[in-house]
Amino acid sequence: MTQQFNISGMTCEACEYKIQHVFSQIPSVKSVVAKFSDNSVVIETEEKLSNDKIIETLKPHTKYAFVTNPIVNEVITENKSWTSQYYPLLLITGMISLVSFLTSFHAGIYAMEHFQLKMFLHNFMTGFFLVFSFFKLLDVKAFAESFQMYDLLAAKVPFYGKVYPFIELALGLLCLVHFQPQLVYWADIIIMAFGALGVIQSVVDKRKIRCACLGTVFNLPMSTVTIIENSLMVLIGIILLNL
């Protein structure tokens, strides 16, 4: 069933992610959508949550409060298709792939000769880090708070979440100028492989939280797509080291 109620204290997207994370820890909860614009929270659960349970869940988080006389009812939610949910990610990845392909011919795209796989993969890595870091840098604080909900290192060292966008930006710039590419490839493998561990754990635990790979601009759910994204970058790093 689906319940809707109001919680005061939400002031930004980071608050939305916080509330979603808090309520997603309840075993019977399947998904959570919070909106700070109207203080609404919509929860899909296996069994109805009582008012006392909602208050108890919020008790450790004093910034937020359960609004008295809330609207709690069953609502019909729209089930988005897979392509609709991940359209921004697919579009951005597709554009990076296209640009990488068009710039990977030794004799130029017009000649269409001597396609270089290494150049293509290197260009893709460059575009990936630059573009993805851009979206994270739009709101570093909100990204960090979302990132620490599933990343193993950011959960223990919050500062890592705040510097992560700058790490991606640095790797992208180093790729762009071809500075110490071997070290960049190793950094890519280590960072993305470690990041995948937290994503895998979240997916296995079926935690309904948001993926922060594109920052907080897009509302992307955590799923196997994120695992594939991280694994792909690890694979690209390994291939580049051996080409």
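Overview of the structure.

What counts, and where the lines are drawn
Residues numbered from 1 in each chain as written. Predicted model: local features only at pLDDT ≥ 70, side-chain atom pairs only at ≥ 80, totals over all residues. Heavy atoms only, no water. Helix = DSSP H or I, 4+ residues; strand = E, 2+ residues; numbered from the N terminus. Buried < 20%, exposed > 50% of the residue type's maximum accessible area, 1.4 Å probe, protein only. Contact = heavy atoms within 4.5 Å. Areas by Shrake-Rupley, 256 points an atom, 1.4 Å probe, with all protein chains shown as cover. Phe/Tyr/Trp six-rings, centres within 6.5 Å; stacked < 30°, edge-to-face > 60°. Pairing = 2+ DSSP bridges. Axes fitted to C-alpha atoms, helices over the stretch in contact; angles between N-to-C directions. Core = buried A, V, L, I, M, F, W, Y, C linked by side-chain atoms within 4.5 Å.

## A few points about the overall build of the protein
Step number 1: The number of helices and strands found in the protein is ten helices and six strands.
Step number 2: Taking all 243 residues of the protein together, the buried fraction comes to 42%.
Step number 3: Counted over contacts in the protein with a minimum sequence separation of 6, partners at least 24 positions apart contribute 67%.
Step number 4: Carbon and sulfur atoms form 63% of the exposed surface of the protein, whose accessible area is close to 13000 Å².

## Regarding the packing of aromatic side chains
Note on aromatic pairs: each is described by the distance of the centres and the angle between the planes.
Step number 1: Using the criterion set out here, one finds 16 aromatic pairs in the structure.
Step number 2: Ring geometry for Phe5 against Phe66: centres 5.8 Å apart, planes inclined by 75°, an arrangement best described as edge-to-face. One end of the pair, Phe5, is in strand S1 (residues 2-8); the other, Phe66, is in strand S4 (residues 65-66), and 61 residues separate them in sequence.
Step number 3: Aromatic pair Phe128 and Phe132: ring centres 4.1 Å apart, planes at 20°, arrangement stacked. Highlighted residues: Phe128 and Phe132, both in helix H5 (residues 117-137), separated by four residues, approximately one helical turn.
Step number 4: Overall, the relative accessible area of 1% leaves Phe132 in the buried class.
Step number 5: Site record: aromatic cluster; members linked through ring pairs are Phe143, Phe147, Tyr150, Tyr160 and Tyr164.

## Thoughts on the environment of Glu16
Step number 1: For Glu16, the position within the fold is in helix H1 (residues 13-24).
Step number 2: Once you skip the residues sitting within four places of it in the chain, Glu16 turns out to touch Met10, Ala34, Lys35 and Phe36.

## Examining the sheet that holds S4
Sheet strands associate in pairs through backbone hydrogen bonding, adopting either a parallel or an antiparallel arrangement.
Step number 1: Spatial strand order, S2-S3-S1-S4: four strands in an open sheet with antiparallel pairing. A single partner strand is all that each edge strand has here, and the edge strands are strand S2 (29-35) and S4.
Step number 2: In the sheet, S1 pairs with strand S3 (residues 40-45) via five bridges, with the strands oriented antiparallel. Bridge assignment links Gln3 to a residue of S3, and that residue is Ile43.
Step number 3: In this fold H1 packs onto S1, S2 and S3, with an angle of close to 160° to the strand it touches most, S2.

## As for the nonpolar core
Step number 1: Formed by 37 residues in total, the largest nonpolar core has its most connected members in Met125, Phe132, Met192, Leu214 and Met233.
Step number 2: Listed by contribution, the elements that provide at least two residues to this core are helix H4 (87-102), H5, helix H6 (140-147), helix H8 (158-176), helix H9 (181-204) and helix H10 (224-242).
Step number 3: Ranked by residues supplied to this core, first place goes to H5 with eight residues.
Step number 4: In contact with Met125, not counting residues within four places along its chain, are Cys175, Val184, Tyr185, Asp188, Met233, Ile236, Gly237 and Leu240.

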